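Notes for the structure review
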Amino acid sequence: MAEVKFCTKCGGSLPNDAKFCPGCGIATKKSYRPGVGYYLLVAVLLIGCIFAYGLMSYNTMTPQERAHFNAKDNAQACWDEYHDKVNDPRMSKQELGIIYGACKLLDERAKNR
Ligand SMILES: [Zn+2]
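These numbers come from a predicted model, not from an experiment.

Take the state of the cysteines next. Per the stated rule, a full pass over the model turns up 1 disulfide. Sulfur-sulfur distance for the disulfide between Cys78 and Cys103 comes to 2.1 Å. Linking Cys78 and Cys103, the disulfide has an S-S dihedral of approximately -80 degrees and is accordingly described as left-handed. Placement of the pair is Cys78 in helix α3 (residues 72–86) and Cys103 in helix α4 (residues 93–111), with a sequence separation of 25 residues.

The final tally for this structure, using the stated rule, is 2 salt bridges. Two residues, Glu81 and Lys85, come together in a salt bridge whose shortest N-O distance is 3.3 Å. Taken together, the residues Glu81 and Lys85, both in helix α3 and 4 residues apart, mark about one turn of the helix. Classification of Glu81 as partly exposed rests on a relative accessible area of 27%. Between Arg90 and Asp88 there is a salt bridge; the shortest N-O distance is 3.0 Å. Using a relative accessible area of 72% as the deciding quantity, one classes Arg90 as exposed.

Attention now moves to the nonpolar core. Taken as a class, soluble globular proteins show a tendency for nonpolar side chains to be buried jointly. If you look at the biggest cluster of nonpolar residues, it comprises 11 residues: Leu46, Ile50, Ala75, Cys78, Trp79, Tyr82, Met91, Leu96, Ile99, Cys103 and Leu106. Mapped onto this core, the elements with two or more residues apiece are α1 (36–59), α3 and α4. Not counting residues up to four positions away in its chain, the partners in contact with Leu96 are Tyr82, Lys85, Val86 and Met91.

Cut-offs used in this document
- Residues numbered from 1 in each chain as written.
- Predicted model: local features only at pLDDT ≥ 70, side-chain atom pairs only at ≥ 80, totals over all residues.
- Heavy atoms only, no water.
- Disulfide = S-S within 2.5 Å.
- Helix = DSSP H or I, 4+ residues; strand = E, 2+ residues; numbered from the N terminus.
- Salt bridge = Lys/Arg side-chain N within 4 Å of Asp/Glu carboxyl O.
- Buried < 20%, exposed > 50% of the residue type's maximum accessible area, 1.4 Å probe, protein only.
- Core = buried A, V, L, I, M, F, W, Y, C linked by side-chain atoms within 4.5 Å.
- Contact = heavy atoms within 4.5 Å.

Next comes the structure, spelled out in structure tokens:
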């Protein structure tokens, strides 16, 4: 059977997957943990910025320059960012892993053009 958990504030028993104590309403420890969703959001924002930057430069390019433009630039910008973050002690391994995954994705896109 599932283990019984107790509220850290009022000591009442908690349903196994409770986000809040039914007795006093305090958030259980589970909801304090930053979820994978947070890190995914960081990755999505990062990719969004890179694509927005790519699009902006694309709009100011001459037709010749546009012919040379490809997804490799986005992938390279991502790897540059990743190498910066690797040396940043505030970054967690999980965050770095997701940025690494995002760069891999951009690499794949570059190859498929
Ligand atoms: Zn409680």
